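# A closer look at the structure
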Amino acid sequence: MSSAQIEIQLIASLVAVACAIPGTFLVLRKMAMISDAISHSILPGIVIGFFITHDLNSPLLILLAALTGIITVVLVEYIQKTGLVKEDTAIGLVFPALFSIGVIMIAKNANDVHLDVDAVLLGELAFAPFDRLLIRGTDVGPKSLWVVGTILMITITLLITFFKELKISTFDKGLAASLGFSPAILHYGLMSVSSVTTVGAFDAVGAILVVALMIAPAAAAYLLTTDLKKMLALAIGFGIFSAIFGYWVAHWLDASISGSITTVLGLVFLSVYLFAPTKGVIAVMYRERQQRTEVSLLTFLLHLKNHDDLKERHVNHLNEHINWQKVRSKTVLDLAQKNNMIHIENNIVSLTKKGDEFTSKAIDYIITNEDTQIEDMKDDFFLFRG
Amino acid sequence: MKKIAVKVDDLTVAYNYKPVLWDIDLEIPEGVLMAIVGPNGAGKSTLIKAILGILKPIAGSVSIYGKSYEKQRQLVAYVPQKGSVDWDFPTTALDVVKMGTYGSLGWIKRPGQKEKKAALEALEKVGMLAFKNRQISQLSGGQQQRIFLARALVQNASIYFMDEPFQGVDATTEIAIINILKELRKAGKTVIVVHHDLQTVPEYFDWVTFLNVKKIATGPVKDIFNDDNLTKTYGINYKVSIQE
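The notes below deal with the structure included here. (Residues numbered from 1 in each chain as written. Chains lettered and ligands numbered in written order. Predicted model: local features only at pLDDT ≥ 70, side-chain atom pairs only at ≥ 80, totals over all residues. Heavy atoms only, no water.)

## Details of the overall build of chain B
Under the convention used in this document: Strands are runs of DSSP state E lasting at least two residues, helices are runs of H or I lasting at least four, and both sets are numbered from the N terminus onward. Summary of the burial criterion: residues with accessible area below 20% of their type's maximum are buried, those above 50% are exposed, and those between are partly exposed, where the area comes from a 1.4 Å probe applied to protein chains only. The contact criterion used is simple: two residues touch if any of their non-hydrogen atoms lie within 4.5 Å. Residue burial considers only the protein chains on display, and all accessible areas are found by Shrake-Rupley using a 1.4 Å probe.
Summing up its helical and strand segments, chain B has 10 helices and nine strands in all. Taken along the three principal axes of its C-alpha coordinates, chain B extends 50 × 40 × 40 Å. Here chain B, with 244 residues, has 53% of them falling under the buried criterion. Long-range contacts, defined here as pairs at least 24 residues apart, represent 67% of the contacts in chain B between residues at least 6 apart. Taken as a whole, chain B presents about 10,900 Å² of accessible surface, with 49% of it coming from carbon and sulfur.

Below is the structure:
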């Protein structure tokens, strides 16, 4: 690996981490689309900053552009507050307006500004190592590495300092306010961090990938854990993985780095979406099927409990009587036998003691809905897990 | 005469310049278990939120034991409506209860062993200790409400505000909750509950406030919980059989 390759992967990874942190909170606050709005509407801020500084990595430019991001949030909230349009509509109104102002500004000054719309949308990670930061003539690395690194350090410091406050205001705004943790301060704090991160990452990965880096890792992590800290850690992990793996995909395919990273992010989310152990699509489908079988089992056991008559309990009669197809009857019979709930003698089915107790308990639960008594059954049967 | 725990003066609250609470004067004596009743849209939740500074009133003032709410936060615990939060949030029952300690910790400081111990005790009090590590979406509605109650208990406050704590809970939980509220009153705490079920008012509460945008009446249940006030509040000719 050349040093430029290492530098690119390092920048991409730092950007991924810097995005995953605010992204996790945006996803939990159901504000994913606001990152899309910010990433586009900072464009006029970047253009104006660039006119003044002629340096895409200047701190002044970053602050100016981040300010445009905050203005976007304020405008969206203002329009929404009038009650005339809904939030998603307000977002859809504000960011194209600001973005188009940026596009016009670039087009009008195309001759003397080295900035084009392609680069803004897709980033130019491959060129990042060429722009070096020199301190007293010594090369200390690519400028964007320093910019993103600084932003990441600030983000991590804020996250650790205000983790408790962010958590409570995200989970329960009302309680946070009543305890004196102003939700407005935390909201705008998070918006500021998101804006600064977006600007810092913009140069490296472009407006579209920033959104993907904020949302996809957090959305995937959300499906895998029930702990906020673990969700943050997983989101960061997915971000870094996608950044590095995406770089190599681009390398092998000789394609755009930001495009490849985004694709990998999409694939990561897709696999989690399908295969997550409890919330994944396949797990949910399996659970529903299992639940259906268990409902059938209960129906079957109840039938046995209610009928002493041998005729009613004959294997063949059950097929006709409960009106199930053969396959389903067999699945249910097997499940009941596996759990020692029935025994079959001369084709006559009867409940075992265990089956009898199970049925009474289950019916009792269904009628009273008191779930403390069936805690032990939750481990074995999906039916009782709600 | 008992001390006044909560005093509301000329409080008016508006959403988009449309008043939802008009000129409310209210004195809640220390140590009562009070129901706030009124039809939908009467401003019951709004009243609590305005007292707690969550909503800004356009006129009037609130005092808690004679001082502004900002100065008396430590004395007050709040149980929001269960539906106001996202129960899919990645966190456990214990962690939610711990949030009740955040107020006394203030900014930046993090909960430690002491807070964890207090949270576990509160969980035990509401009979939810066995569920401490359960993800909150895996709890039933009644269990979620108990967690919210535990979170308020852990604040060890003097005044408790609860927004419909009986909504969507089973009968057992309702009894468990009201017993805890009665214990709080016995310990000298003031408990204010937004309540929907008029039938249970005389049984559960000793103080009641009728609200419908304006305050209709406030006082001891035995004196003012009658058909006259109910009709004034609900607008229709209301008859409630009061069980003795």
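## A closer look at the pattern of salt bridges
Pairs may arise between side chains of opposite charge once their charged atoms sit close together. Rules: The salt bridge definition used is simple: a Lys or Arg side-chain nitrogen within 4 Å of an Asp or Glu carboxyl oxygen.
Scanning all chains against the criterion turns up 12 salt bridges over all chains. Across the salt bridge formed by Lys30 of chain A and Asp86 of chain B, the nearest N and O atoms sit 2.8 Å from each other. Of this pair, Lys30 of chain A sits in the loop between α1 (3-28) and α2 (32-41) while Asp86 of chain B sits in the loop between β5 (76-79) and α3 (93-98), each in a different chain. Since its relative accessible area comes to 57%, Lys30 of chain A is described here as exposed. For the salt bridge of Asp139 of chain A with Arg132 of chain A, the shortest nitrogen-to-oxygen distance reads 3.0 Å. The exposure class of Asp139 of chain A is partly exposed, given its relative accessible area of 41%. Overlapping salt bridges, with partners in common, bring together Glu7, Arg132 and Asp139 of chain A in one network.

## Things to note about the packing of aromatic side chains
The condition that has to hold: Aromatic rings from Phe, Tyr and Trp, taking only the six-membered ring of Trp, are treated as a pair when their centres fall within 6.5 Å; an angle between ring planes under 30 degrees marks them as stacked, one over 60 as edge-to-face, and anything in between as tilted.
Counted by the stated rule, this structure contains 13 aromatic pairs over all chains. On the numbers, 5.3 Å between centres and 50° between planes, the contact of Phe171 of chain A with Phe89 of chain B is tilted. With Phe171 of chain A in helix α8 (residues 163-171) and Phe89 of chain B in the loop between β5 and α3, this pair bridges two chains. In this structure, Phe171 of chain A and Phe89 of chain B share a single accessibility class: buried. A ring pair is formed by Phe241 of chain A and Phe245 of chain A, whose centres lie 5.4 Å apart and whose planes are at 15°; its orientation type is stacked. Of this pair, Phe241 of chain A and Phe245 of chain A both sit in helix α11 (residues 228-253), four residues apart, roughly one helical turn. The exposure class assigned to Phe245 of chain A is partly exposed, which follows from its relative accessible area of 37%.

## Focus: the interface of chain A and chain B
Quick note on the threshold: We define a polar contact as two N or O atoms separated by no more than 3.5 Å, with the added condition that, inside protein, one atom must be a possible hydrogen donor and the other a possible acceptor, whereas residues neighbouring each other in sequence contribute only through side-chain atom pairs. Just so you know the grouping, Ala, Val, Leu, Ile, Met, Phe, Trp, Tyr, Cys and Pro go in nonpolar, Asp, Glu, Lys and Arg go in charged, and all remaining residues, Gly too, go in polar.
At the interface, 34 residues of chain A touch 36 residues of chain B. A salt bridge links Asp95 of chain B to Lys167 of chain A; the nearest nitrogen and oxygen atoms lie 2.7 Å apart. At the boundary of chain A with chain B, the tally comes to 13 residue pairs in polar contact (both at pLDDT 80 or more). For the side of chain A that touches chain B, the secondary-structure elements that each account for two or more residues are α7 (143-161), α8, α9 (173-178), α10 (183-222), α11 and α17 (375-378) of chain A. Per-element accounting of the side of chain A that touches chain B gives the leading share, six residues, to α8 of chain A. Within the side of chain A that touches chain B, the residues separate by chemical class into 13 nonpolar, nine polar and 12 charged.

## Side note on the pairing of strand β3 (residues 33-37) of chain B
All names here are of chain B. This is how it is decided: Strand pairing is defined by DSSP finding a minimum of two bridges between the two strands.
For β3, a buried count of five out of five residues is recorded, marking the element as mostly surrounded by other parts of the structure. Here β3 shows two buried faces, one formed by Leu33, Ala35 and Val37 and the other by Met34 and Ile36. By the bridge criterion, four bridges tie β3 to strand β8 (residues 207-212) in an arrangement that is parallel. In the strand pairing of β8, Ile36 is matched with Thr209.

## Points about the sheet that holds strand β1 (residues 4-15) of chain B
All names here are of chain B. Heads up, the condition is: Axis lines are fitted through C-alpha atoms, for helices just across the contact stretch, and the angle between N-to-C directions can take any value from 0 to 180 degrees.
Here three strands make up an open sheet; going across it, the order is β2-β1-β4 and the pairing antiparallel. Each edge of the open sheet carries a strand with a single partner, namely β2 (18-29) and β4 (59-64). For this sheet, the mean inter-axis angle between neighbouring strands, taken without regard to orientation, is 15°. Here β1 runs beside β4; their pairing, made up of five bridges, is antiparallel. Bridging across to β4, Val6 finds its partner in Ile64. Strands in contact with helix α1 (residues 44-51) are β1, β2 and β4; relative to β1, the strand with the most contacts, it is inclined by about 115°.

## Section: α7 of chain A
Under the convention used in this document: A helix's residues, less one, multiplied by 1.5 Å, set its expected span.
Helix length check: α7 of chain A, at 19 residues, gives a terminal C-alpha distance of 27 Å against a target of 27 Å (1.5 Å per residue), a fit within 8%. Here α7 of chain A has its buried residues at Ser144, Leu145, Val147, Val148, Gly149, Ile151, Leu152, Thr155 and Leu159 of chain A.

## A word on a negative patch on the surface
All names here are of chain B. Let me state the cut-off plainly: Residues enter a patch when their relative accessible area is above 30% and they make no salt bridge; the linking distance is 9 Å between like charges and 5 Å between nonpolar side chains (Val, Leu, Ile, Met, Phe, Trp, Tyr). For this count, His and the chain ends are skipped, Lys and Arg are scored as positive, and Asp and Glu as negative. Lys charges are placed at NZ, Arg charges at CZ, Asp charges at CG and Glu charges at CD.
Together, Asp10, Asp23, Asp25 and Glu27 make up a negatively charged patch on the protein surface. Considering each element in turn, the negative patch owes the most residues, three residues, to β2. We classify Asp23 as partly exposed; its relative accessible area is 45%.

## What to know about the side chain of Thr225 of chain A
Here Thr225 of chain A shows up in the loop between α10 and α11. Judged by relative accessible area, Thr225 of chain A falls into the buried class, the value being 8%.

## Focus: the environment of Ile136 of chain B
Considering the arrangement of structural elements, one finds Ile136 of chain B in the loop between α5 (113-125) and α6 (141-153). By relative accessible area, which is 0% here, Ile136 of chain B ends up buried. Spatially, the C-alpha atom of Ile136 of chain B lies 23 Å from that of Tyr160 of chain B, the residues being 24 residues apart in sequence. In this structure, Ile136 of chain B is in contact with Phe171 of chain A together with Asp86, Trp87, Phe89, Thr91, Thr92, Ala93, Val96 and Gln144 of chain B, ignoring residues within four places of it in sequence.

## Considering the packing of α5 of chain B against α6 of chain B
Residues and elements named next belong to chain B. Applicable threshold: Here is the rule for angles: anything less than 35 degrees is roughly parallel, anything more than 145 is roughly antiparallel, 65 through 115 is roughly perpendicular, and the remaining ranges are oblique. Crossing handedness is read from the near helix: turned anticlockwise from the far helix by less than a right angle, it gives a left-handed crossing, and turned clockwise, a right-handed one.
Two numbers describe how α5 lies on α6: the axes approach to 8 Å, and their chain directions differ by 135°. Of the possible angle classes, the one that applies to α5 and α6 is oblique. Like other packed secondary-structure pairs, α5 and α6 cross with a definite hand, here right-handed. Taken together, the residues of α6 that come into contact with α5 (itself represented by Ala122, Leu123 and Lys125) are Ile147, Ala150 and Leu153. Of the residues assigned to the contact of α5 with α6, the class counts are five nonpolar, no polar and one charged.

## Section: the packing of α1 of chain A against α7 of chain A
All names here are of chain A. Direction vectors running N to C along α1 and α7 enclose 30°, while the axes themselves pass 9 Å from each other. Of the possible angle classes, the one that applies to α1 and α7 is roughly parallel. α7 is crossed by α1, and the crossing has left-handed handedness. Seen from α1, the contacting residues are Leu10, Ile11, Leu14, Val15, Val17, Ala18, Ile21, Pro22 and Phe25; seen from α7, they are Ser144, Leu145, Val148, Gly149, Leu152, Thr155, Ile156 and Leu159. Per-class residue counts for the contact of α1 with α7 are 14 nonpolar, three polar and no charged.

## Remarks on the sheet that holds strand β6 (residues 159-163) of chain B
All names here are of chain B. Ordered by their spatial adjacency, six strands build an open sheet running β5-β6-β7-β3-β8-β9, and the pairing between neighbours is mixed. Sheet topology places β5 and β9 (214-220) at the edges, where each strand pairs with a single neighbour. Between one strand and the next, the sheet's axes are offset by a mean angle of 15°, whatever the strand orientation. Against the sheet, α6 engages β5 and β6, with an angle of about 170° to β5.

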